[in-house]
Amino acid sequence: MRQFLAFCCLLLLMTTQAIAQYETPSSEHDSSSPKSQKVHGREAAHGSLKHHRVALIWGHGYIPKGFNNYTEVRTLIIPVIGLDYEYWFSHKFAIGISNDLELSNYVIEVSHEEEELEREYVYVGALMAYYEFAHLWAIGIGPGIEMEKNRNFFVVKTSIEKEFPIKGEGGWDVTPMFSYEFKSSNGHGVYDAMCFAIAIGKRF
């Protein structure tokens, strides 16, 4: 677990330093206005607010209760890809659909049933609500479902992300993000998962 968190912190730091040149400070002003007005970083980069955003996601997830059936490795880190869609009502609020696919097979321990359950290429879909709590920092939360051929689970997903708009009319951004998923069945918590990822977003 410590190794995973250290990896996440290091990758976030490297990504932030690498793309910080693309971020426009929030203190940039509109010179055409008689009164100085703050311009949001997204508008400074892309022009007027673009309501739609799609993002391709690549990351690695950590499953505390998961292990590999062949090696019995208990620190299970697996690759994850995703595709998200968001609709932004303003710079502060949005709703969206999160879609993630785990590119691995593993086994989890279901403690309240005293059994082991195999998971194979798990899909997690969630309906998310987003709120920008600081400049270009957003948190999200929403219900969803984990679908897999052996058994499905109810999911509550939360996320936090920092957007780095890339200047230009293309509406592109690079967004490091961290998410946490709590999975349950019949009122019982089954297992949880965490994921650190990088999203390449496109607004239109």
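Structure shown above.
Residues numbered from 1 in each chain as written. Predicted model: local features only at pLDDT ≥ 70, side-chain atom pairs only at ≥ 80, totals over all residues. Heavy atoms only, no water.

Despite not being glycine, Y121 has its phi angle at roughly 45 degrees, a positive value. Tracing the sequence through the fold places Y121 in the loop between β6 (115-120) and β7 (123-134). A residue is classified by how much of its surface remains accessible, and Y121, at 47% relative accessible area, is partly exposed. Of note in this structure, L136 is not a glycine but carries a positive phi near 65 degrees. Within the secondary structure, L136 is located in the loop between β7 and β8 (137-147). When its relative accessible area of 2% is taken as the criterion, L136 is described as buried. (Helix = DSSP H or I, 4+ residues; strand = E, 2+ residues; numbered from the N terminus. Buried < 20%, exposed > 50% of the residue type's maximum accessible area, 1.4 Å probe, protein only.)

Before going further, it helps to examine the sheet that holds β6. Pairing is antiparallel across the open sheet formed by three strands, whose spatial order is β2-β5-β6. Because the sheet does not close on itself, it has two edges, and the strands there are β2 (66-67) and β6. Note that strand β5 (residues 105-110) and β6 share six bridges and pair antiparallel. Each bridged residue has a counterpart across the sheet, and for V107 the counterpart in β6 is E118. (Pairing = 2+ DSSP bridges.)

Side chains of strand β4 (residues 93-102) alternate between two faces, with A94, G96, S98, D100 and E102 buried and F93, I95, I97, N99 and L101 left unburied. Bridge count for strand β3 (residues 76-88) against β4 is seven bridges, and the pairing is antiparallel. Residue pairing across strands places G82 opposite D100, the latter belonging to β4. The hairpin turn running from β3 into β4, its antiparallel successor, is four residues long. As paired strands, β4 and β7 are joined by nine bridges and run antiparallel to one another. Bridge assignment links I95 to a residue of β7, and that residue is A129.

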